[in-house]
Amino acid sequence: MTDRSDPSMDRDVLLDRLAREAYRFGHFTLASGRSSDHYVNCKPVALSGTGLALLSPAMLALVEADAVAVGGLTLGADPLVSGVAMAAAHQGRALDALIVRKQAKGHGTGAWLEGPLPQPGARVTVLEDVVTTGGSSIKAVQQLREAGYTVKRVVTIVDREEGGSAAMAAADLELVSLFKLSDVATRAQELSA
Ligand SMILES: O=P(O)(O)OC[C@H]1O[C@H](OP(=O)(O)OP(=O)(O)O)[C@H](O)[C@@H]1O
Ligand SMILES: O=C(O)c1cc(=O)[nH]c(=O)[nH]1
């Protein structure tokens, strides 16, 4: 049973979950068009009740103190923004979730953003599951900034350390991660040994 008094225990459990359920070694084409021998599909963890219960407080701890909302690009960020907003409520903090569409809705509202929209000028922290080039996160940030929000930080589960941090710095963003790809790959190797 997880020891709730020791946050590092939850971190270890989360790393094991990512190594077993999200990490794969093989041949993969990435969103950027690059090829890789490694892939981390966080969805089986983020869409599991117990996985999201581990991820949400861990990500919330990295959200800026003055953020009024967390936002992220659909689809990977959808469970994350929802889980973090709920974890915040359980801690007595008002924090809403925003989902950024990959393209504007083609009918109805025509919206790019879904959720209870904060006042323009409000701070929003962006959440992401995996950062490779940073292009997807920056796309979300651009939409949020165009809507008038202040975005300075992206929090990701896994930073693959393939240029995302530098791309974000160039866009006046700080990248903060729970794990590096090497953490997950090393743990996966240990578990399969
Ligand atoms: O840093 P980047 O080079 O942009 O790559 C990372 C992005 O790729 C994945 O999304 P994907 O495009 O596979 O979409 P999905 O979440 O809708 O499956 C992942 O969820 C990130 O959003
Ligand atoms: O770059 C990507 O597209 C990517 C890499 C990865 O490891 N996981 C993921 O979901 N996307």
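Residues numbered from 1 in each chain as written. Chains lettered and ligands numbered in written order. Predicted model: local features only at pLDDT ≥ 70, side-chain atom pairs only at ≥ 80, totals over all residues. Heavy atoms only, no water.

Asker: For the overall build of the chain, give the residues involved together with the corresponding values.
Answerer: Along the backbone of the chain there are seven helices and eight strands. Here the C-alpha radius of gyration of the chain, 16 Å, is about what a compact globule of 193 residues would show, namely 16 Å. Judged by the C-alpha coordinates and their principal axes, the chain covers about 50 × 40 × 30 Å. Sequence-distant contacts, at least 24 apart, represent 64% of the contacts inside the chain between residues at least 6 apart. Summed over its atoms, the accessible surface of the chain is roughly 9,500 Å², and 53% of this surface lies on carbon and sulfur atoms. Here the chain carries 19 positive and 22 negative side-chain charges, and the mean point of each set is 4 Å from the other. (Helix = DSSP H or I, 4+ residues; strand = E, 2+ residues; numbered from the N terminus. Rg over C-alpha atoms; globule rule 2.2 N^0.38 Å. Contact = heavy atoms within 4.5 Å. Areas by Shrake-Rupley, 256 points an atom, 1.4 Å probe, with all protein chains shown as cover. Lys, Arg positive; Asp, Glu negative; His and termini not counted. Charge placed at Lys NZ, Arg CZ, Asp CG, Glu CD.)

Asker: Can you explain the site of ligand 2? Please cite residues and give values.
Answerer: Residues in contact with ligand 2, as listed here, are Leu30, Ala31, Tyr39, Val40, Val130, Thr132 and Arg160. Contact distances for ligand 2 include 2.7 Å between a nitrogen atom and a backbone N or O atom of Val40. For ligand 2, an oxygen atom lies 2.6 Å from a polar atom in the side chain of Thr132. Coverage of ligand 2 by the protein amounts to 90% of the 290 Å² it exposes when considered alone. Taken atom by atom, the bulk of ligand 2 overlaps the largest pocket. Residue composition of the shell around ligand 2, grouped by class: five nonpolar, one polar and one charged. (Near = heavy atom within 4 Å. Polar contact = N/O pair within 3.5 Å; in protein donor to acceptor, adjacent residues only side chain to side chain. 1 Å grid on protein atoms, 1.4 Å probe; cavity = no way out; pocket = protein on both sides within 12 Å on 5 of 7 lines; lining within 4 Å. Sits in = over half its atoms within 2 Å of the grid points. Nonpolar A, V, L, I, M, F, W, Y, C, P; charged D, E, K, R; others polar.)

Asker: I'd love a proper account of the pattern of salt bridges, names of residues and values included.
Answerer: Inspection of the entire model under this criterion finds eleven salt bridges. Between Arg101 and Glu114 there is a salt bridge whose closest N-O contact spans 3.0 Å. Highlighted residues: Arg101 in the loop between strand E4 (96–100) and strand E5 (113–114) and Glu114 in strand E5, separated in sequence by 13 residues. A residue is classified by how much of its surface remains accessible, and Arg101, at 24% relative accessible area, is partly exposed. Classification of Glu114 as partly exposed rests on a relative accessible area of 29%. (Salt bridge = Lys/Arg side-chain N within 4 Å of Asp/Glu carboxyl O. Buried < 20%, exposed > 50% of the residue type's maximum accessible area, 1.4 Å probe, protein only.)

Asker: Tell me about the packing of helix H1 (residues 7–22) against helix H7 (residues 181–192), residues and numbers included.
Answerer: Orientation of H1 relative to H7, taken along the N-to-C sense of each, is 75 degrees, at an axis distance of 8 Å. Accordingly, the angle class assigned to the pair H1 and H7 is roughly perpendicular. The segment H1 lies against H7, with Leu15, Asp16, Leu18, Ala19 and Arg20 engaging Asp183, Val184, Arg187, Ala188 and Leu191. (Axes fitted to C-alpha atoms, helices over the stretch in contact; angles between N-to-C directions. Parallel < 35°, antiparallel > 145°, perpendicular 65-115°, else oblique.)

Asker: Can you tell me about the layout of surface pockets, naming the residues and giving the values?
Answerer: Estimated volume of the largest pocket: approximately 530 Å³. As for the largest pocket, its lining consists of 26 residues, and the residues nearest its centre are Ala31, Tyr39, Asp129, Val130 and Ser136. Of all the secondary structure elements, the ones that give two or more residues to the lining of the largest pocket are strand E2 (35–40), strand E6 (124–131) and helix H5 (135–146). A total of four residues in the lining of the largest pocket trace back to one element, the largest contributor, which is E6. Its residues assigned to classes, the lining of the largest pocket shows ten nonpolar, eleven polar and five charged. (Points joined across faces, edges and corners; volume = space filled by probe spheres on them.)

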